[in-house]
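# Breakdown of the fold
Given next are the chains, with one letter for each unit.
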Amino acid sequence: MEKIYILDTNVLIQAPYAVECFEENEVVLPMTVLEELDNLKKEEGEKGANVRRVIRILDAYREKGNLLEGVYTGHGGILRVEKNYLNVELPEDLPDHKSDNRILKVCIGLSKESPKQVILVTKDILLRIKAQLLGIQAEDFTTEQVAGHEEQYLGRKEVFVPEVLFKDFKKKGVPVESVYCCDSNGACIHPELFENEFIILRADQSSKKTQLGRVEKGIIRKLEYRKSTPYGVSPRNVGQYFFQEALMQPAEKAPLVIVKGMAGTSKTFYSLAVGLEKVLNDPSGEYRRILICRPNALFDSDIGFLPGNEQEKISPLIMDNLEQLVDSNDRERYSDERELQDKIQEIFDRGLIQTEALTFIRGRSILKTYLIIDEAQNMTPAQIKGIITRAGKETKIILLGDPNQIDRPYLDDRTNGLSYAAEHMKGSPLCWQITLLPEECERSSLATEAIQRL
């Protein structure tokens, strides 16, 4: 049965191509949505860019026919603009002048006149609630959704292997078909393992014997960089061993690294440590520089109110990590604050570390760069795609974030760019992933205690 999908403005702002995602069904844009797009078309940053893209898409359909009557999308469906139903009555506590309520009027009007099922698509939870109270079916835009946080790919798995194969693991590796897990009933099952998935390998006759490995072309192989200490930093837990392995690999082999984990799991700290090792200590000149972006939830507007130039606005966000890396002596580090700051400033002055707003990445090709995107959970799928497709030769992209700490409106653990990239890049030979566990928090004893109690 064909359906009528009525789209809210926020859906188009996040996914400009949304009008073409409903197959053979009818897509309706209320006139108030066009008015909101018109008011936002001069906005700066990602929002304005997406609005202008939507307008161009609509203009292309306008040239094909009359949008008030409906234009075929080329995907089997129809796109049209609806300007009627202004006289539909709403409860007194829903004022007519609000755009959300004008959209609800269109939903009610179409429901009464059309035999088709009418569905409101919006990323606004409160509007979905109001729609339900009025008997209107409403749902989120699901095209970009992935599995819930608990079901998402972790990039790591613990398995058992026969003792005879375990003995030769370091020399030959272990075939993936020879390992197994146990289900809740104690039965042995062969898990699905993905390319580059990290493995905790246990001997089945002595579970205390363990090795760390990674899946590569059907074989679980030992870690290459387990004994490395990038910029004097050593792994403190299993997750960091896996994380270090992904970061230390050259860009040619591991151009994309995705790391999820809660605050305190040293995501930014370890990424900077490896970056400094590669840029300052590695004579091969693997990368020209470290480039750091951190997209705040309201980055396009709020960042402008911070003092200083662009670098001065963003660099304080990583300063604590740099202080620990530049001077690893905990007792003496802050004995001479000026000397410490001079060491850090020298790194910036030499151009070895640069910080930029995410907005300025668009349209560029980034070459021979160690690129860290911090707080990537506050990016949309479109932004993530834009970043990854900017990677030029010999560039390594590291996406860091916690899907449970999202500050951007209309994003959640299933629709944010970090989770989207992680699920869609799962199994790619060019993507290495790891999720750091809560028990791997290394910030402080207080932070660990708070994670467990709060």
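Everything numeric here is computed off the predicted structure, so don't read it as measured data.

Rules and cut-offs
Residues numbered from 1 in each chain as written. Predicted model: local features only at pLDDT ≥ 70, side-chain atom pairs only at ≥ 80, totals over all residues. Heavy atoms only, no water. Pairing = 2+ DSSP bridges. Helix = DSSP H or I, 4+ residues; strand = E, 2+ residues; numbered from the N terminus. Contact = heavy atoms within 4.5 Å. Axes fitted to C-alpha atoms, helices over the stretch in contact; angles between N-to-C directions. Buried < 20%, exposed > 50% of the residue type's maximum accessible area, 1.4 Å probe, protein only. Lys, Arg positive; Asp, Glu negative; His and termini not counted. Salt bridge = Lys/Arg side-chain N within 4 Å of Asp/Glu carboxyl O. Parallel < 35°, antiparallel > 145°, perpendicular 65-115°, else oblique. Left-handed = near helix turned anticlockwise from the far one by under 90°.

## A word on the sheet that holds strand S12 (residues 206-216)
- Pairing within the open sheet is mixed, and its five strands lie in the order S7-S11-S12-S13-S8. Across the chains shown, the open sheet's two edge strands, defined by having one partner strand only, are strand S7 (156-161) and strand S8 (174-175).
- Examined bridge by bridge, S12 and strand S13 (residues 219-222) share four bridges and lie antiparallel to one another. What sits directly across from Arg-214, in S13, is Arg-221.
- In the packing of helix H8 (residues 238-248) onto the sheet, contacts are made with S7, strand S11 (198-203) and S12, and the angle to S11 comes to roughly 130°.

## Here we look at the side chain of Lys-130
- In this structure, Lys-130 sits in helix H5 (residues 125-133).
- Put simply, Lys-130 is tucked away with no salt bridge, and the nearest opposite charge, on Asp-100, sits 4.5 Å away.
- Residues contacting Lys-130, with those up to four places away along its chain left out, are Leu-94, Asp-100, Asn-101 and Leu-104.

## Let's talk about the packing of H8 against helix H9 (residues 267-281)
- Contact pair H8 / H9: the axes reach a minimum separation of 10 Å and the direction vectors enclose 40°. Classified by the angle their axes make, H8 and H9 are oblique. The crossing of H8 and H9 is right-handed. Of H9, the residues touching H8 (which contributes Gln-240, Phe-243, Gln-244, Leu-247 and Met-248) are Lys-267, Tyr-270, Ser-271, Val-274 and Lys-278.

## Description of the pairing of strand S19 (residues 431-435)
- For S19, a buried count of five out of five residues is recorded, marking the element as mostly surrounded by other parts of the structure.
- Burial of the side chains of S19 extends over both faces: Cys-431, Gln-433 and Thr-435 are buried on one face and Trp-432 and Ile-434 on the other.
- By the bridge criterion, five bridges tie strand S14 (residues 256-260) to S19 in an arrangement that is parallel. Its bridge partner being in S19, Val-259 is matched across the sheet by Ile-434.

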